[in-house]
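Examination of the molecular architecture
Listed here are the chains, written in short residue letters.
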Amino acid sequence: MTSQFSLKKDFPIFVTRPDLVYLDNAATSLTPSCVLKAMDDYYSSCRGTVTRGVYQISEEATSQYESVRERTAVFLNTKPEQIIFMPGTTHGLNMIASGLRDDIKPHHTIITTALNHHAHFVPWQRLVDPDHFFVCPLTDTLGIDEDFLLTHIDENTFLVALPLISNVTGGRIDAPSLTRKIKDINPRTLIVLDAAQAMLNESVTPEDYSCDFLCFSGHKMYGPTGIGVLWGKTEALSLLEPFVVGGDMITEVTTTHTTYRALPHRLEPGTPNISGVIGLGAAIDYIGNLDLSQLHNHKHGLIAYCFDELQNAFGDDITIFSDPGNITSILSFALKGIHPHDLAGYLDTHNICVRAGNHCAQPLHYEFLGIPATTRISVGAYTTRADIDFFINKTKEARMLYQKPTV
Ligand SMILES: Cc1ncc(COP(=O)(O)O)c(C=O)c1O
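How each quantity is defined
Residues numbered from 1 in each chain as written. Predicted model: local features only at pLDDT ≥ 70, side-chain atom pairs only at ≥ 80, totals over all residues. Heavy atoms only, no water. Helix = DSSP H or I, 4+ residues; strand = E, 2+ residues; numbered from the N terminus. Rg over C-alpha atoms; globule rule 2.2 N^0.38 Å. Buried < 20%, exposed > 50% of the residue type's maximum accessible area, 1.4 Å probe, protein only. Areas by Shrake-Rupley, 256 points an atom, 1.4 Å probe, with all protein chains shown as cover. Lys, Arg positive; Asp, Glu negative; His and termini not counted. Charge placed at Lys NZ, Arg CZ, Asp CG, Glu CD. Near = heavy atom within 4 Å. Polar contact = N/O pair within 3.5 Å; in protein donor to acceptor, adjacent residues only side chain to side chain. Nonpolar A, V, L, I, M, F, W, Y, C, P; charged D, E, K, R; others polar. Patch = residues over 30% accessible without salt bridge, like charges linked within 9 Å, V, L, I, M, F, W, Y side chains within 5 Å. Salt bridge = Lys/Arg side-chain N within 4 Å of Asp/Glu carboxyl O. Domains from an automatic or database assignment. Contact = heavy atoms within 4.5 Å. Buried area = accessible area lost by both parts, 1.4 Å probe. Pairing = 2+ DSSP bridges. Phe/Tyr/Trp six-rings, centres within 6.5 Å; stacked < 30°, edge-to-face > 60°. Lys NZ or Arg CZ within 6 Å of the ring centre and 35° of its normal. Axes fitted to C-alpha atoms, helices over the stretch in contact; angles between N-to-C directions.

**Digging into the overall build of the chain**
For the chain, the count of helices and strands is 13 helices and 15 strands. Taking 2.2 N^0.38 as the reference for a compact globule, 407 residues should give roughly 22 Å; the C-alpha atoms of the chain span a radius of gyration of 22 Å, in line with that estimate. Overall, the chain is about 80 × 55 × 35 Å in size when its C-alpha atoms are taken along their principal axes. For the chain, buried positions account for 56% of its 407 residues. Carbon and sulfur atoms form 51% of the exposed surface of the chain, whose accessible area is close to 17100 Å². With 30 positive and 45 negative side-chain charges, the chain shows a separation of 3 Å between the mean positions of the two kinds.

**Regarding the site of the ligand**
The local shell around the ligand consists of A26, T89, T90, H117, N167, D194, A196, Q197, S217, H219 and K220. Within the side chain of H219, one N or O atom sits 2.7 Å away from an oxygen atom of the ligand. About the coverage of the ligand: the protein hides 85% of its 390 Å² of free accessible area. Of the residues contributing to the shell around the ligand, the split by class is two nonpolar, seven polar and two charged.

**So, a nonpolar patch on the surface**
A surface patch of nonpolar side chains, about 310 Å² in accessible area, is lined by V54, Y55 and I57. By the element assignment, V54 lies in the loop between α2 (33-45) and α3 (56-76). On the basis of relative accessible area, V54 is assigned to the exposed category, the value being 75%.

**Topic: the domain arrangement of the chain**
When the domains of the chain are assigned, the result is domain 1 (8-23 + 290-401) and domain 2 (36-288). Computed over C-alpha atoms only, the centres of domain 1 and domain 2 are separated by 28 Å. If you look at the interface, domain 1 gives 32 residues, while domain 2 gives 29 residues. Summing the contributions of domain 1 and of domain 2, the shared interface buries around 2500 Å²; its carbon and sulfur component is 59%. Summed over the shared surface of domain 1 and domain 2, the number is zero salt bridges. The interface formed by domain 1 and domain 2 includes 16 residue pairs in polar contact (both at pLDDT 80 or more). Counting only elements with at least two residues in the side of domain 1 that touches domain 2, the list comes to α10 (292-314), β12 (330-335) and α12 (362-369).

**Re the pairing of strand β5 (residues 157-163)**
Of all the seven residues making up β5, seven are buried; the element is thus mostly covered by neighbouring parts of the structure. Pairing geometry for strand β3 (residues 109-113) and β5, over three bridges, is parallel. Paired with T109 across the bridge in β5 is T157. Pairing of β5 with strand β6 (residues 190-194) involves five bridges; the strand directions are parallel. Following the sheet pairing, L162 is matched in β6 by L193.

**Describing the packing of aromatic side chains**
The way to describe two aromatic rings as a pair is by their centre distance and the angle between their planes. For the structure shown, the criterion picks out 10 aromatic pairs. Aromatic side chains Y222 and Y382 sit 5.9 Å apart centroid to centroid with 65 degrees between the ring planes, which places their arrangement in the edge-to-face category. Of this pair, Y222 sits in the loop between β7 (213-217) and β8 (228-232) while Y382 sits in the loop between β15 (374-378) and α13 (385-402), and the two are 160 residues apart along the sequence. The pair Y222 / Y382 is uniform in exposure class, with both members buried. When the ring centre of F14 is taken as origin, the NZ or CZ atom of K8, which lies over that ring, is 5.2 Å away. For the cation-ring pair, R385 lies above Y305, with the distance from its terminal atom to the ring centre recorded as 3.9 Å.

**Observations concerning the pattern of salt bridges**
Enumeration according to the criterion identifies 13 salt bridges in this entry. In this structure, R69 and E268 form a salt bridge, with 2.7 Å as the shortest nitrogen-oxygen distance. Of this pair, R69 sits in helix α3 while E268 sits in the loop between β10 (258-260) and α9 (274-288); the two residues are 199 residues apart in sequence, bridging distant segments of the chain. Overlapping salt bridges, with partners in common, bring together E66, R69 and E268 in one network.

**A closer look at the sheet that holds strand β14 (residues 355-357)**
The strand order across the open sheet formed by four strands is β11-β12-β15-β14, and the pairing between neighbours is antiparallel. Unpaired on one side and paired on the other, β11 (318-320) and β14 mark the two borders of the sheet. If you compare each strand with its neighbour and ignore which way they point, the axes differ by 25 degrees on average. As defined by bridge partners, β11 adjoins β12 across three bridges and the pair is classed as antiparallel. When the bridges of β12 are listed, I320 appears paired with F333. Against the sheet, helix α11 (residues 340-348) makes contact with β12, β14 and β15, and its axis sits at roughly 160 degrees relative to β14, the strand it touches most.

This is the structure in structure tokens:
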């Protein structure tokens, strides 16, 4: 077990850029050497395609690829055939929405929340008329208004789309309890969870929630870009009509009809992102060797510290859009006197990476928080308290520079 944080030594970017203060982990995380090595080994030693070749390197690649499915299943405490590899959370959610399109009837409703990322909002918005699409508002502490949600569930509710952790506020929802309450009202309502921000903040075991589908991206959990996972209950995955068809996912094609392979291959058309899957496997192994509760405490402690330091430094001039009682690894704020883009630009001149904008959550910013943009910081296993102190000092400096002189 690795028990020491920070883990900068595992991430070669800190050799290339020793001054980097990377506080945009909610957008994408950095990559440890073991992930780079696993992908490099694939390209240099068994660069073949999967499932089709009858020669050694292809068989080796196939066995590595399928072994990642098994390790991912162990990581999620589920079955390998419930793991579908795809390019990421966005693709997974769109795969579900497209696969269910023919099951939607005119009386059906869909419920989402103001906290959802566009990837978990737009695919659902496209499926029903605006008057059948409900967006659950927020409570004063930036949580989901459960009363609104539960009173809108009835026999017509086709699907509920929830995030496990907001990519803006960092707040986690009580998914085990909330999903159970939804199913108690209508067991046929499908529940889709976006776990993109949750994988490195809590232990994610889909069976702990009363959900039907769950998606996440490898690049937010120290894996490579372009690879992610769609998990589904077997009966839920069987509902999905493949929205991309072609090679690898068929059993028979004649001039008159086509039959598809069983899950999971039915939903993995074409040549997959083989090196990406292998890299994801290495990331899962890497995470598996960390003391996860220590990692969570480390990151959540840094954000709690940052919250207090920002509040002390700027008092009434800062609005922090995170609940101090529900802290994970993300914090967003607006500071009087400086636009988020100006702040992010200034911080960048000191090698500090933060995110500025609406973070793919326009309904949340414009219609619920009443602000077009925020500055977001999000920490990783390699973030240190010195990184946070440096960020706070440079934010103070930026504010002094940009503040309009009072006359
Ligand atoms: C909560 C959440 N959902 C979905 C996504 C989309 O993930 P990807 O771009 O990897 O598909 C993100 C990315 O920032 C996210 O934060």
